[in-house]
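Structural features, examined
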Amino acid sequence: MAPITVKKICCIGAGYVGGPTCAVIALKCPNIQVTIVDLNQARIDAWNSDNLPIYEPGLDEVVKTARGKNLFFSTDVDKAIAEADLIFVSVNTPTKKSGVGAGYAADLNFLQRATRRIAEVSTSSKIVVEKSTVPCRTADAMRTILEANSKPGCRFDILSNPEFLAEGTAISDLFAPDRVLIGSLQTESGKDACAALANVYANWVPRDRILTVGLWSSELTKLAANAMLAQRISSVNALSAICEATGANIDEVAFAVGKDSRVGAKFLKASVGFGGSCFQKDILNLVYLSESLHLPEVAKYWKAVVDMNEYQKDRFSRKVVDTLFNTITGKKIAILGWAFKKDTGDTRESPSISICNHFLSEKARVNVYDPQVTEEQIWLDLDETSTNEVDHKQHVSISKSAIEACKDAEAIVICTEWDEFKTLDWAKIYEACPRPAFVFDGRLMLNRAELQQIGFKVVTIGSGDV
Ligand SMILES: NC(=O)C1=CN([C@@H]2O[C@H](COP(=O)(O)OP(=O)(O)OC[C@H]3O[C@@H](n4cnc5c(N)ncnc54)[C@H](O)[C@@H]3O)[C@@H](O)[C@H]2O)C=CC1
Ligand SMILES: O=C(O)[C@H]1O[C@H](OP(=O)(O)OP(=O)(O)OC[C@H]2O[C@@H](n3ccc(=O)[nH]c3=O)[C@H](O)[C@@H]2O)[C@H](O)[C@@H](O)[C@@H]1O
């Protein structure tokens, strides 16, 4: 059979993954027409405007270069499916909120609806690519749905092509990925489909970085990669508690441990805990999968990574209260950073939300500043997570600058590692704070000695003295 040449791509889901990933494909493959579709009209309108729906360094330039040439954003899902020869399914797969597996299993409703739509509107054969993160063997369910609903003469080859980009560095990750992983059935047509997708990536990714494996290995690799990354953070955060109790310093410990080339230096930064839409969701998904496979010890092992993360967020919040002489009632606390990490406006599962809610339960007055997160989003996050113990509308205010947020604050709590916090005029901030003035560095990012020199009492994750 002649090799399949992909000419038209449709991406279902214009979110944090579908948008940047397929915009980069369009940029790097001028001969392929890429249409990114979504049911959410507001999101598509934003993709078609000067104000893109997500903040990601370098994304504006990519979109502006390709949009209108070979990159299109639309709500006409059916038309884009019908025209495409390859379809990425890049819809959300959140943790299930109710029913069997609630709190653990992935909710595959969006994925299944998109799959059903592909079957219903396709009049020609398609390569269907799982881009969303899914439990192992989801491709089986997709195949069953596609085959049961397809028209005569349409065949569907299903590939798994999980995405490894991290938010904040999505564009550089997509330009130069460590690897691209493609899983397929090891049948002739499965391998042909795999080769067709590999040829798309080969427009800019070196061949030796394009890994081709079996479908189930590919699906499981994505969950495994996130679980192992998160495990490193929980490990270093667990050690940070020992450091605080012994006077050891977690940055020194992590640096020395990471010098062992078998361990490696990356992803060993102690923090207030990991956030983001995926680590927790994907580990819980792995826990559920392990339990379904009657592997309770394996489930328990991975669950501990999430438990340690909850412990770290709670431990940090308690430490703030303890240090402020066991009460923060009525005290003003500045939270610097609301996004789950720097260089993104994404707040999903951000540790700042849990930490703020902890302070609110102690009836503190909280002032929040983040350079990228909108006021509307901060209120939405608090509305969604409020326990109704305290009226957050009365106790929280949102500032337009870090300096404004810190004015009159008895404690300044760094939750996100935005670069601008390093270069703030800390002496000026100190002047506007009541004494004693505390800085809680939840990201180990500030120069402790300089702050102490100014007069601040400094408390950091993973080191002993105040
Ligand atoms: N956010 C990230 O950094 C990464 C996410 N992933 C995975 O990628 C998947 C997508 O994640 P995000 O892009 O963050 O989600 P998202 O929530 O930002 O975007 C998903 C989009 O799909 C749309 N959608 C849902 N059902 C649809 C349908 N039937 N037809 C058309 N559009 C539909 C939604 O309206 C939404 O705009 C998830 O499985 C996630 O685990 C993987 C790697 C990185
Ligand atoms: O599947 C996904 O969604 C993605 O999840 C993560 O990417 P992301 O969540 O965007 O960001 P990370 O850089 O991994 O950070 C996650 C959280 O861990 C925290 N973190 C990270 C590294 C570290 O050393 N310490 C630490 O606390 C970050 O501050 C953040 O809250 C993975 O890094 C990506 O490879 C993966 O594709």
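Just so it is clear, the structure is predicted and the values come from calculations on it, not from any experiment. (Residues numbered from 1 in each chain as written. Chains lettered and ligands numbered in written order. Predicted model: local features only at pLDDT ≥ 70, side-chain atom pairs only at ≥ 80, totals over all residues. Heavy atoms only, no water.)

Moving on: the overall build of the chain. From N to C terminus, the chain includes 18 helices and 14 strands. In terms of overall size, the chain behaves like a compact globule, its C-alpha atoms giving a radius of gyration of 24 Å where 466 residues would be expected to give roughly 23 Å. Counting only C-alpha atoms, the chain reaches 75 × 50 × 45 Å along its principal axes. Burial statistics for the chain: of 466 residues in total, 52% are counted as buried. Taking the intrachain contacts of the chain between residues at least 6 apart in sequence as the baseline, contacts between residues at least 24 apart amount to 75%. Within the chain, one finds 52 positive and 58 negative side-chain charges whose respective centroids are separated by 2 Å. (Helix = DSSP H or I, 4+ residues; strand = E, 2+ residues; numbered from the N terminus. Rg over C-alpha atoms; globule rule 2.2 N^0.38 Å. Buried < 20%, exposed > 50% of the residue type's maximum accessible area, 1.4 Å probe, protein only. Contact = heavy atoms within 4.5 Å. Lys, Arg positive; Asp, Glu negative; His and termini not counted. Charge placed at Lys NZ, Arg CZ, Asp CG, Glu CD.)

A contiguous nonpolar patch, built from Leu293, Leu295 and Val298 and spanning about 240 Å² of accessible area, is present on the exposed surface. Mapped onto the elements, leucine 293 comes out in the loop between α11 (279–292) and α12 (296–323). (Patch = residues over 30% accessible without salt bridge, like charges linked within 9 Å, V, L, I, M, F, W, Y side chains within 5 Å. Areas by Shrake-Rupley, 256 points an atom, 1.4 Å probe, with all protein chains shown as cover. Salt bridge = Lys/Arg side-chain N within 4 Å of Asp/Glu carboxyl O.)

Attention now goes to the site of ligand 1. Around ligand 1, the structure places 24 residues, and the nearest of them are Asp38, Arg43, Thr93, Glu167 and Lys281. Between ligand 1 and arginine 348 there is a distance of 3.0 Å, counted from an oxygen atom to a side-chain nitrogen or oxygen. In isolation ligand 1 exposes 830 Å². Once the protein is present, 91% of that is buried. A domain-level breakdown of the shell around ligand 1 finds at least three residues from each of domain 1 (8–205) and domain 2 (278–460). (Near = heavy atom within 4 Å. Polar contact = N/O pair within 3.5 Å; in protein donor to acceptor, adjacent residues only side chain to side chain. Domains from an automatic or database assignment.)

What follows concerns helix α10 (residues 250–258). Taken together, the buried positions of α10 are occupied by Ile250, Ala254 and Gly258. Along α10, the residues classed as buried sweep out an arc of 60 degrees about the axis, all on the same side. Residues of α10 that are exposed and point over 90 degrees away from its buried face: Glu252, Phe255 and Ala256. Buried residues along α10 sit in contact with α9 (215–246). (Arc of directions from axis to C-beta.)

With that settled, the discussion passes to the environment of phenylalanine 456. Its place among the elements puts phenylalanine 456 in the loop between α18 (448–454) and β14 (457–460). The spatial distance from the C-alpha of phenylalanine 456 to the C-alpha of tryptophan 426 is 9.2 Å, given a sequence separation of 30 residues. Leave out the neighbours within four places in its chain, and phenylalanine 456 touches Ile412, Trp426, Ile429, Tyr430, Ala437, Phe438, Val439 and Leu451.

Among the secondary structure elements, aspartate 346 is positioned in the loop between β9 (332–336) and α13 (351–361). Each residue touching aspartate 346, except ones within four places of it in the same chain, is listed here: Tyr16, Glu167, Ala339 and Phe340.

Our next topic: unusual backbone geometry. Residues arginine 435 and proline 436 are joined by a peptide bond in cis, for which omega reads -5 degrees. Mapped onto the secondary structure, proline 436 falls in the loop between α17 (426–431) and β13 (438–441). Even without being glycine, aspartate 343 reaches a positive phi, approximately 65 degrees. Here aspartate 343 shows up in the loop between β9 and α13. Aspartate 343 sits in the partly exposed class, given a relative accessible area of 22%.

Moving on to the nonpolar core. Residues Leu336, Phe359, Ile412, Trp426 and Phe456 are the most contacted members of the largest nonpolar core, which totals 61 residues. In terms of residues, this core owes the most to one element, α13, which gives five residues. For leucine 336, the residues in contact, after removing those within four places along its chain, are Tyr369, Ala402, Ala405, Cys406, Ile412, Val413, Ile414, Cys415, Thr416, Phe421, Leu424 and Trp426. Counting 45 residues, the second largest nonpolar core, distinct from the first, contains Tyr16, Ile44, Ala66 and Ala198. (Core = buried A, V, L, I, M, F, W, Y, C linked by side-chain atoms within 4.5 Å.)

With that settled, the discussion passes to the site of ligand 2. What surrounds ligand 2 is a group of 20 residues, the closest being Phe164, Leu165, Ser271, Cys278 and Arg443. Phenylalanine 164 has a polar backbone atom sitting 2.7 Å from an oxygen atom of ligand 2. Between an oxygen atom of ligand 2 and a side-chain N or O atom of asparagine 226, the distance comes to 2.8 Å. Protein contact buries 90% of the 700 Å² of open area that ligand 2 shows by itself. Element by element, the count of residues in the shell around ligand 2 is highest for α9, at four residues. A per-class count over the shell around ligand 2 returns eleven nonpolar, three polar and six charged. Per-domain counts for the shell around ligand 2 show at least three residues from each of domain 1 (8–205) and domain 2 (278–460). (Nonpolar A, V, L, I, M, F, W, Y, C, P; charged D, E, K, R; others polar.)

What the domain assignment reports for the chain is domain 1 (8–205) and domain 2 (278–460). Placing the centre of domain 1 and that of domain 2 at their C-alpha centroids yields a distance of 34 Å. Between domain 1 and domain 2, the residue contacts involve 20 residues of the former and 18 residues of the latter. With both sides pooled, the region where domain 1 packs onto domain 2 buries about 1500 Å², and carbon together with sulfur makes up 55% of that total. (Buried area = accessible area lost by both parts, 1.4 Å probe.)

For the rest of this paragraph, the subject is the pairing of β9. Among the five residues in β9, five count as buried, and that is most of the element. Covered by surrounding structure in β9 are Lys332, Ala334 and Leu336 together with Ile333 and Ile335, the residues of both alternating faces. Each parallel crossover has a hand, and for β9 linked through α13 to strand β10 (residues 365–369) it is right-handed. Pairing analysis gives four bridges linking β9 to strand β12 (residues 411–414), with the strands arranged parallel. The residue of β12 that forms the bridge with alanine 334 is isoleucine 412. (Right-handed = clockwise from strand over helix to strand, strands pointing away. Pairing = 2+ DSSP bridges.)

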